[in-house]
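Residues per chain, in single letters:
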Amino acid sequence: MYGAIRADLAARMEALEKDGLFKGERIIASRQGSEIEVLAADGSRRKALNFCANNYLGLAGSEELVAAASRAMDKWGYGLSSVRFICGTQSPHVQLEEELSRFLGVEEAILFSSCFDANAGVFEALLDAECAVLTDALNHASIIDGLRLCKAARHIYAHSDMADLEAKLKESAGAKYRLIATDGVFSMDGEIADLRSVCDLAEKYDALVLVDDSHATGFLGATGRGSIEHRGVDGRVDLITTTFGKALGGASGGCVAGRKELVRWLKQKARPYLFSNTVPPAVVGGTLEALRIAARSTVLRDALAANARRFRTGMEKAGFDLKPGEHPIVPVMLKDEKLAVAMAEALLRKGIYVIAFSFPVVPRGAARIRVQLSASHSQEMIDRCVAAFAEAGRELGALG
Ligand code: PLP
């Protein structure tokens, strides 16, 4: 029996490699940060500047977070060996839920092991077959999977197309409850969702709104509350899902935050919360520290925004085609799949670590290198990155 699936998987794996869809893993031989060491094929270590982590505030490898996580582990232990409702809730778990609620400006929050789990649990617990969800075509995989687990009717609206969202709202009239689900920031383009229009439509058609703010929490908006603050729709979004695995320290964990009746129901019914182990104390302690750092001052947020502007200006001057925007995700559009891969390889040889994205992750002919800025990049690092892009671009004929 095993022989059949083994042969089938070998053939499929070969097809992945042939189509350029095989995902290898580059081994990092250092702490995460803006300056890392990567392992080369011959086992040697090579220094590189990292421009592809979601380490927006630069906290992932920071001493402050390591110290906070260590203190939490010393005091509260390594693990809980329990889900939350049996014997897996310590005071820091409650404290983190309270501080998250305050930071995000919502009533209550519930922790999950990841934002993937938050999205896997939220829809099924709140909506049944008589309900409807309106979901952006480019929403994250975890929203797509969460909706698969939920019996509500699914209406996929064309990406960021408010006319189509309105049409789908009209189509779904009669559903018991309707919920619009959107990413706050679409990660392939660094595009910030038009939450004002989403909320206007939600109010017009009496729908709830859920925003996955994984690529915004901690750094977008004047106080870092995310895309909701950035778009000025505070108080109009019912549920936020987000991760601690990006700006807030980058370890793991996530939450659903929002209206208290919804969050309290999730504590009773969300399956990944009820049937999966509690978030470990070290992660809780590290995330609490990250939140406090994000809340304390605008220094990191300002550095991040300035870095994104500096990179954009430099790359535009060098002649590259960028997706316009203001988010620290900066897609460098190369269009051609092979060129994008060759550019990423050339850049690594020059000490710049970036990743090429091509079909099916992005549309055919829209291959790109997605550069991600961090508050921990220095100006000199950004200038080196731009210079390396320009050099590689000239060598490979990527510049007009
Ligand atoms: N939602 C979005 C928009 C994401 O980008 C990600 C991570 O890639 C997730 C959810 C999942 O987050 P986590 O890594 O906490 O599971």
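In the block above lies the structure referred to throughout.
All figures in this text were calculated on a predicted structure; none of them were measured in a lab.

Caption draft 1: Highlighting the packing of aromatic side chains. A complete count under the given rule lists four aromatic pairs for this structure. The interplanar angle of 35° and the centroid separation of 4.4 Å between the aromatic rings of Tyr56 and Phe219 together place this pair among those described as tilted. In this pair, Tyr56 is assigned in the loop between strand E2 (45-50) and helix H2 (63-76) and Phe219 in the loop between strand E9 (208-212) and helix H9 (227-230), connecting sequence segments 163 residues apart. Members of the aromatic cluster, each reached through a chain of ring pairs, are Phe311, Phe320 and Phe389. When the ring centre of Phe359 is taken as reference, the NZ or CZ atom of Arg364 above it lies at 3.9 Å.

Caption draft 2: Local environment of the sheet that holds strand E14 (residues 355-357). Ordered in space as E12-E15-E14, the three strands form an open sheet in which the pairing is antiparallel. Where the open sheet ends on each side, the last strands, each with one partner, are strand E12 (329-335) and E14. Strand-to-strand, the axes of this sheet are offset by a mean angle of 30°, without reference to chain direction. In the packing of helix H13 (residues 299-318) onto the sheet, contacts are made with E12 and strand E15 (367-372), and the angle to E12 comes to roughly 20°.

Caption draft 3: Examining the nonpolar core more closely. Among the nonpolar cores identified, the biggest contains 83 residues, and Phe311, Ile369 and Phe389 are the most heavily contacted of them. No fewer than three residues from each of domain 1 (18-50 + 298-396) and domain 2 (63-296) sit in this core. With sequence-adjacent residues up to four places away left out, Ile369 is seen in contact with Val330, Pro331, Val332, Leu334, Ala340, Met343, Ala344, Leu347, Val354, Ile355, Ala356 and Phe389. Formed by 25 residues, the second largest nonpolar core is a distinct cluster that contains Phe123, Leu179, Val256 and Leu274.

Caption draft 4: Summary view of the site of the ligand. Neighbouring the ligand are the residues Ser114, Cys115, Phe116, His140, Ser142, Asp183, Asp212, Ser214, His215, Thr243, Lys246 and Gly253. In the environment of the ligand, an oxygen atom lies 3.0 Å from a nitrogen or oxygen atom belonging to the backbone of Phe116. For the ligand, whose unbound accessible area comes to 400 Å², protein coverage reaches 80%. Tallied by class, residues from the shell around the ligand come to two nonpolar, seven polar and three charged.

Caption draft 5: Spotlight on unusual backbone geometry. Between Phe359 and the following residue, Pro360, the backbone shows a cis peptide bond with an omega angle of 10°. Topologically, Pro360 is positioned in the loop between E14 and E15. Located in the positive-phi region is Lys335, a residue other than glycine, with phi close to 70°. Of note, Lys335 is situated in strand E12. The class of Lys335 is partly exposed, set by a relative accessible area of 43%.

Rules used throughout
Residues numbered from 1 in each chain as written. Predicted model: local features only at pLDDT ≥ 70, side-chain atom pairs only at ≥ 80, totals over all residues. Heavy atoms only, no water. Phe/Tyr/Trp six-rings, centres within 6.5 Å; stacked < 30°, edge-to-face > 60°. Helix = DSSP H or I, 4+ residues; strand = E, 2+ residues; numbered from the N terminus. Lys NZ or Arg CZ within 6 Å of the ring centre and 35° of its normal. Pairing = 2+ DSSP bridges. Axes fitted to C-alpha atoms, helices over the stretch in contact; angles between N-to-C directions. Contact = heavy atoms within 4.5 Å. Core = buried A, V, L, I, M, F, W, Y, C linked by side-chain atoms within 4.5 Å. Buried < 20%, exposed > 50% of the residue type's maximum accessible area, 1.4 Å probe, protein only. Domains from an automatic or database assignment. Near = heavy atom within 4 Å. Polar contact = N/O pair within 3.5 Å; in protein donor to acceptor, adjacent residues only side chain to side chain. Areas by Shrake-Rupley, 256 points an atom, 1.4 Å probe, with all protein chains shown as cover. Nonpolar A, V, L, I, M, F, W, Y, C, P; charged D, E, K, R; others polar.

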